[in-house]
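# Structural features, examined
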Amino acid sequence: MRSLAAAVGVSAPGLYRYVGSRDELIAHMVDLVSAALEHPPPSGDWVHDITVVAEQQRSLFGAHPWLAEAVASLPFMGRHVLDHLDWGLDALAAVDAPASRKMEAIALANGIAALFSTTSRPVGPEAFAQLDPRRHPRLAALLAAAAPTPPAADLFPRVLEAVLRGALGSRATP
């Protein structure tokens, strides 16, 4: 808080005239960053809609490394965070699932966006340099049987869809 106060040209006690605590300040920062999310009108294809916004979140998490931890510990939700949740419920309106599962699905999409924002590159053969076929026989067999393929497309949309469909149940079809 002292560093921030110095950066904006006020004393630390002066900063507390505007925010009650560091947690409150961080919640306002999360809300400000969340304002950058563009929520398109729901198209009827909820997987596509959620994925489009989750891709934006992934970029925001990448641009603001502090954001993932901050989102996980919000003391309150600002209007832009609430806008996001409300939009998610609208995008999922036609999904036959309880509202609690829909909220869980939105939270999972946020979490997956945060997780994938830290992935810098796909895993290649060098990642398996320590593989011992005696210790890891199933993994060695899988890798030995795998045909050479071009690098996989971005896993983010595929993983996101699979997790969302799992969280929402088998009735969750577009």
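Please refer to the structure placed before this passage.
The text that follows walks through the structure, step by step, so that each part is easy to find. Numbering of residues begins from 1 in every chain and follows the order in which that chain's sequence is written. Local features in this predicted model are restricted to residues whose pLDDT is 70 or higher, and side-chain atom pairs enter the listing and the counts only when it is 80 or higher, whereas totals over whole chains, interfaces and linings include all residues. Derived side-chain values reflect all non-hydrogen atoms in the structure, with water molecules and hydrogen atoms excluded from consideration.

It is worth spelling out the pattern of salt bridges at this point. Only one rule defines a salt bridge in this text: a Lys or Arg side-chain nitrogen within 4 Å of an Asp or Glu carboxyl oxygen. Counted by the stated rule, this structure contains three salt bridges. Arg-58 is the salt-bridge partner of Glu-55, the closest N and O atoms lying 3.5 Å from each other. Here the residue Glu-55 and the residue Arg-58 both occupy positions in helix H4 (residues 46-63), the gap between them amounting to three residues, near one helical turn. Judged by its relative accessible area of 29%, Glu-55 falls in the partly exposed class. With a shortest N-O distance of 2.8 Å, Glu-161 and Arg-165 are connected by a salt bridge. With Glu-161 and Arg-165 both in helix H9 (residues 156-168) and four residues apart, this pair spans about one turn of that helix. Accessible area is worked out with a 1.4 Å probe on protein chains only. A residue is then buried under 20% of its type maximum, exposed over 50%, and partly exposed in between. Overall, Glu-161 belongs to the partly exposed group, its relative accessible area being 30%. Under the DSSP-based scheme used, a helix requires at least four consecutive residues in state H or I and a strand at least two consecutive residues in state E, with every element numbered from the N terminus.

Here the focus is a nonpolar patch on the surface. Patch membership is restricted to residues that have no salt bridge and whose relative accessible area is over 30%. Joining uses 9 Å for like charges and 5 Å for the nonpolar side chains Val, Leu, Ile, Met, Phe, Trp and Tyr. Accessible areas in this description were obtained via Shrake-Rupley with a 1.4 Å probe; residue shielding takes into account the shown protein chains only. Together, Phe-128, Leu-139, Leu-142 and Leu-143 make up an exposed nonpolar region whose accessible area comes to about 320 Å². You can see Leu-139 is positioned in helix H8 (residues 137-145). According to the relative accessible area criterion, Leu-139 is partly exposed, its value standing at 34%.

Moving on, we get to the nonpolar core. Counting 31 residues, the largest nonpolar core has Trp-46, Ile-50, Leu-92, Phe-156, Leu-160, Leu-164 and Leu-168 as its most contacted members. Within the residue set of this core, elements represented by two or more residues are helix H3 (22-34), H4, helix H5 (67-72), helix H6 (79-91), helix H7 (99-117) and H9. With sequence-adjacent residues up to four places away left out, Leu-160 is seen in contact with Ile-50, Thr-51, Ala-54, Ala-109 and Ile-112. To form a nonpolar core, buried Ala, Val, Leu, Ile, Met, Phe, Trp, Tyr and Cys residues must be joined to one another through side-chain atoms within 4.5 Å. The contact definition used throughout considers only heavy atoms, calling two residues in contact when any of these lie within 4.5 Å.

Centres within 6.5 Å are what make two rings of Phe, Tyr or Trp a pair, Trp counting through its six-membered ring; a difference in plane orientation under 30 degrees is then read as stacked, over 60 as edge-to-face, and the rest as tilted. Applying the stated criterion across every chain, the model contains one aromatic pair. Ring centres of Phe-116 and Phe-156 lie 5.4 Å apart, and the angle between their planes is 65°; this geometry places the pair in the edge-to-face category. Pair noted here: Phe-116 is in helix H7 and Phe-156 is in helix H9, with a separation of 40 residues, a long-range link. As far as the burial class goes, Phe-116 and Phe-156 line up, both buried.

Moving on, we come to H6. Here a helix's expected span is defined as the number of its residues, less one, multiplied by 1.5 Å. An ideal rise of 1.5 Å per residue puts 18 Å on 13 residues; H6 measures up with 18 Å between its terminal C-alpha atoms. For H6, the full list of buried residues reads His-80, Val-81, His-84, Leu-85, Trp-87, Gly-88 and Ala-91. For H6, the buried positions fall inside an angular range of 160° around the axis, keeping them on one side. In H6, those exposed residues whose orientation departs by more than 90 degrees from the buried face are Arg-79 and Asp-86. In this fold, the buried residues of H6 make contact with H3, H4 and H7. By construction, the arc corresponds to the directions joining the helix axis to the C-beta atoms.

Only C-alpha atoms enter the line fits that serve as axes; for helices the fit covers just the stretch in contact. Angles between N-to-C directions range over 0 to 180 degrees. The N-to-C vectors of H4 and H6 enclose an angle of 155°; their axes lie 9 Å apart at closest approach. In terms of their interaxial angle, H4 and H6 are classed as roughly antiparallel. Along the contact surface, H4 presents Trp-46, Asp-49, Ile-50, Val-53 and Gln-57, while H6 presents His-84, Trp-87 and Ala-91. Residue type decides the class: Asp, Glu, Lys and Arg count as charged, Ala, Val, Leu, Ile, Met, Phe, Trp, Tyr, Cys and Pro as nonpolar, and the leftover types, Gly among them, as polar. Residues of the contact of H4 with H6, tallied by class, amount to five nonpolar, two polar and one charged. By the definition adopted for this analysis, an angle is roughly parallel if under 35 degrees, roughly antiparallel if over 145, roughly perpendicular if from 65 to 115, and oblique otherwise.

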